[in-house]
Structure formats: structure tokens, C-alpha cells
Amino acid sequence: GQQVMQIPQYQHVQEGEDFTTYCNSSTTLSNIQWYKQRPGGHPVFLIQLVKSGEVKKQKRLTFQFGEAKKNSSLHITATQTTDVGTYFCAGRSGGYQKVTFGIGTKLQVIP
Amino acid sequence: NAGVTQTPKFQVLKTGQSMTLQCAQDMNHEYMSWYRQDPGMGLRLIHYSVGAGITDQGEVPNGYNVSRSTTEDFPLRLLSAAPSQTSVYFCASSYSRAGWQSGELFFGEGSRLTVL
């Protein structure tokens, strides 16, 4: 079945440093979504990428979808303490039914 | 709108007991799903439904049953709880249509289940 690998599992950064998390799928994806989960909270949708090579930005966050639609990345510039949480990628392939999540990257920001 | 509502938020069970986690959404979403979240394992899909009367298995369906009699509700049943089912459970829904068009998942606040 479809697998979505995500690295790293944990990342500690000094406030102001950049951060990147990567996702790789074993199959070609129809789209990929990114979610953020604050400690003790539930996942909250950040963005969806659909097109090959797509790049989207949200303030300090940059999201990329690979040309082959099998990998994606989330880059945060100049991290802040409000960025703390776990970031998940989630991919759909084939039909629209199943959404497979990566294991998540837990980000700690040291003030 | 309440969004996705899960009850209960916390539950402690003894091995062998049964219970139902409730999930309701008021957004008229066709797609509903249940995930469990365990440390180091991410979010794993248990069961999902693409509409009333239609359900299917996810990655980890064993030990869980679901039904979808209405668009709004998608309960998750544990027939005979086991310690391995200790986890945080999330219900999520989205607006979806067949094909590659799909919507964002809206999550409930989660249900923390402990099986002793």
C-alpha cells in the first residue's frame, strides 16, 4: 500500500534559524496536504499542493511539491516560538478516499 | 458551526469492555474518517467513509467497527477493548468528490482512551 515517509522525526532549532521537513511517497500522489499540530491539540490544515513542481508561500512558510509528485517539503524561514508543534504531510493517490499521513516532524524552537 | 465534535474527550476502560467513540460534523461533508495517534507512529487511518452507507478499512482496522447511517455521524466501536488500543483517537471529515479533487481534513479535538 501507499507509504509516506517523513524526515526528520525531531528537530530542535534556535529561534531565528530555518527549518525544513521532507516527505517522500512510495507512489505518485494526486495531491499533498500539510498540517500543523500544536502540543495537546489536533491537526490543523495548512495548505494543499496539487500541481507538479508547485510552490506556495504563506508568510515565512514555503511549500514545494516535487516534479514527479512523489515528494514534498515545508521550509520555515527564521523560526519563532509560535512555530513549535508537529508538522505532518498527508498524501492522496489514486482515488480520493484514503489520506495517508507521514510520521510527522516535531519542531522545538529554543528562545 | 461546531465543525467536528468528538465525545468523550477522555475514557478509561478495562480490558474486554466495549465502548463507542462518537463523531459528528455539521458541514455536510461526505468523507469522514477515524485516525489513531500513538507516539512515534504518526496518524494511522482506522476506517473511513465516503458517504452514508459506505465504509471501508484503513491501515489498522482490526478491533474496530464503524457504520455510517447518516451524513453527519460516524461512530467508532471497540467491541472488546485491549491495552494495545490505548491511544488518542481523531475523527476527521472533508468535502470530497471522486477523482483527484479533494478537500482539507477538519479534525475533532480528539478522544484520549486508556485501556487497563
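Look above for the structure.
Remember, predicted model here, so these are calculated numbers, not experimental data.

Enquirer: Quick rundown of the overall build of chain B? Include the residues and the values.
Expert: In terms of regular secondary structure, chain B is built from zero helices and 11 strands. From first element to last, N terminus to C terminus, chain B shows the α and β order β-β-β-β-β-β-β-β-β-β-β. Against the 2.2 N^0.38 benchmark of 13 Å for 116 residues, chain B shows a C-alpha radius of gyration of 14 Å, consistent with a compact globule. If one aligns the C-alpha atoms of chain B with their principal axes, the spans along those axes are about 40 × 25 × 25 Å. Within chain B, the proportion of its 116 residues that are buried is 49%. Look at the contacts in chain B between residues 6 or more apart in sequence, and 54% of them connect residues 24 or more apart.

Enquirer: Could you give me a rundown of the pairing of strand E1 (residues 4-7) of chain A, with the residues and numbers involved?
Expert: Residues and elements named next belong to chain A. Burial along E1 is one-sided: Val4 and Gln6 are buried, and none of Met5 and Ile7, which face the opposite way, are. Direction of pairing for E1 relative to strand E3 (residues 19-25): antiparallel, over a ladder of four bridges. Within E3, the position partnered with Ile7 by the bridge is Tyr22.

Enquirer: So what's going on with the environment of Leu43 of chain B? Which residues, and what values?
Expert: The residue Leu43 of chain B is located in strand E5 (residues 42-51) in this model. With residues up to four places along the chain from it excluded, the contact list for Leu43 of chain B reads Pro43, Phe88, Phe101 and Gly102 of chain A together with Tyr35, Arg36, Gln37, Glu59 and Phe90 of chain B.

Enquirer: How would you sum up the sheet that holds strand E7 (residues 61-65) of chain A? Please name residues and give values.
Expert: Residues and elements named next belong to chain A. Pairing is antiparallel across the open sheet formed by five strands, whose spatial order is E1-E3-E8-E7-E6. Each of the sheet's edge strands pairs with one partner strand only, and the pair in question is E1 and strand E6 (55-58). For this sheet the average axis-to-axis angle between neighbouring strands, irrespective of direction, equals 15 degrees. In this sheet, strand E8 (residues 71-76) lies alongside E7 in antiparallel orientation, the contact comprising five bridges. Following the sheet pairing, Leu61 is matched in E8 by Ile76.

Enquirer: Hey, could you go over the pattern of salt bridges for me, with residue numbers and the actual values?
Expert: When the charged atoms of two side chains lie near each other, side chains of opposite charge can form a pair. Inspection of the entire model under this criterion finds five salt bridges over all chains. Connected through shared salt-bridge partners, Arg36, Asp38 and Arg44 of chain B make up one network.

Enquirer: Tell me what's going on with the interface of chain B and chain A, and back it up with residues and numbers.
Expert: Interface size, as often reported, equals the accessible area lost upon joining of the parts. Across the boundary between the two partners, chain B contributes 27 residues, which contact 23 residues of chain A. Between chain B and chain A lies a buried interface of about 2,000 Å² when both sides are counted; carbon and sulfur atoms form 60% of it. Run the count over chain B and chain A and you get zero salt bridges. At the boundary of chain B and chain A, one finds three residue pairs in polar contact (both at pLDDT 80 or more). Where the side of chain B that touches chain A is concerned, the elements lending two or more residues are strand E4 (31-38), E5 and strand E9 (87-94) of chain B. It is E5 of chain B that contributes the most residues to the side of chain B that touches chain A, five residues altogether.

What counts as what
- Residues numbered from 1 in each chain as written.
- Chains lettered and ligands numbered in written order.
- Predicted model: local features only at pLDDT ≥ 70, side-chain atom pairs only at ≥ 80, totals over all residues.
- Heavy atoms only, no water.
- Helix = DSSP H or I, 4+ residues; strand = E, 2+ residues; numbered from the N terminus.
- Rg over C-alpha atoms; globule rule 2.2 N^0.38 Å.
- Buried < 20%, exposed > 50% of the residue type's maximum accessible area, 1.4 Å probe, protein only.
- Contact = heavy atoms within 4.5 Å.
- Pairing = 2+ DSSP bridges.
- Axes fitted to C-alpha atoms, helices over the stretch in contact; angles between N-to-C directions.
- Salt bridge = Lys/Arg side-chain N within 4 Å of Asp/Glu carboxyl O.
- Buried area = accessible area lost by both parts, 1.4 Å probe.
- Polar contact = N/O pair within 3.5 Å; in protein donor to acceptor, adjacent residues only side chain to side chain.

Nothing here speaks to function; it is all geometry.
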